[in-house]
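Next come the chains, spelled out residue by residue.
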Amino acid sequence: MREVYGIAAFRSRQQVLRFEDILRREGVNVRVVTTPRAVALGCGLSVRFALEDAERVRAALRRANPGNLIGVYRVEQTGGRANVSPL
């Protein structure tokens, strides 16, 4: 099975939860997930979102201006393998 989605990865769990709350309040469907191994930095958690919401997520990031953002990525998961690329 193939899944494609976006993630926002942060250095702290507190920031992950804060950004998840910001996006939920803006009506974006998100959830907290384990960060793929290909993104070797950070706290181990990321905010997952649908790629269709990528512009809304970027706009929220600009407004929130989190200092510990690692990056925003496109994840393509096939079976147990995840290919990650910058979004």
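Reading the values: rules and limits
Per chain, residue numbering runs from 1 following the sequence as it is written. Given that the model is predicted, a residue must reach a pLDDT of at least 70 before its local features are reported, and side-chain atom pairs must reach 80 or more before they are shown or counted; all residues, however, enter totals for whole chains, interfaces and linings. In computing side-chain properties, one takes all heavy atoms of the structure into account and sets aside hydrogens as well as water. A carboxyl oxygen of Asp or Glu within 4 Å of a side-chain nitrogen of Lys or Arg is what we treat as a salt bridge. Secondary structure counts use DSSP, requiring at least four H or I residues in a row for a helix and at least two E residues in a row for a strand, with both numbered from the N terminus. Three labels apply to residues, based on accessible area from a 1.4 Å probe with only protein chains included: buried if under 20% of the type maximum, exposed if over 50%, partly exposed otherwise in between. Two strands are counted as paired when DSSP detects at least two bridges linking them. Under this scheme, a helix contributes an axis fitted over its contacting stretch, all axes are lines through C-alpha atoms, and angles between N-to-C directions fall in the 0 to 180 degree range. It only takes one pair of heavy atoms within 4.5 Å for two residues to be counted as in contact.

**Examining the pattern of salt bridges**
Scanning all chains against the criterion turns up eight salt bridges. Put simply, Arg25 and Asp21 hold a salt bridge, and the shortest N to O gap is 3.0 Å. Of the two residues, Arg25 and Asp21 are both situated in helix α1 (residues 13–25); the distance of four residues between them amounts to about one turn of the helix. On the basis of relative accessible area, Arg25 is assigned to the exposed category, the value being 61%.

**Describing the sheet that holds strand β4 (residues 69–78)**
Ordered by their spatial adjacency, five strands build an open sheet running β2-β3-β1-β4-β5, and the pairing between neighbours is antiparallel. Each having just a single partner strand, β2 (30–34) and β5 (81–86) make up the two edges of the open sheet. Direction aside, the axes of adjacent strands within the sheet are offset by 35° on average. Pairing geometry for β4 and β5, over six bridges, is antiparallel. Among the inter-strand pairings, Glu76 is bridged to a residue of β5, identified as Asn83. Against the sheet, α1 engages β1 (2–10), β2 and β3 (45–49), with an angle of about 155° to β2.

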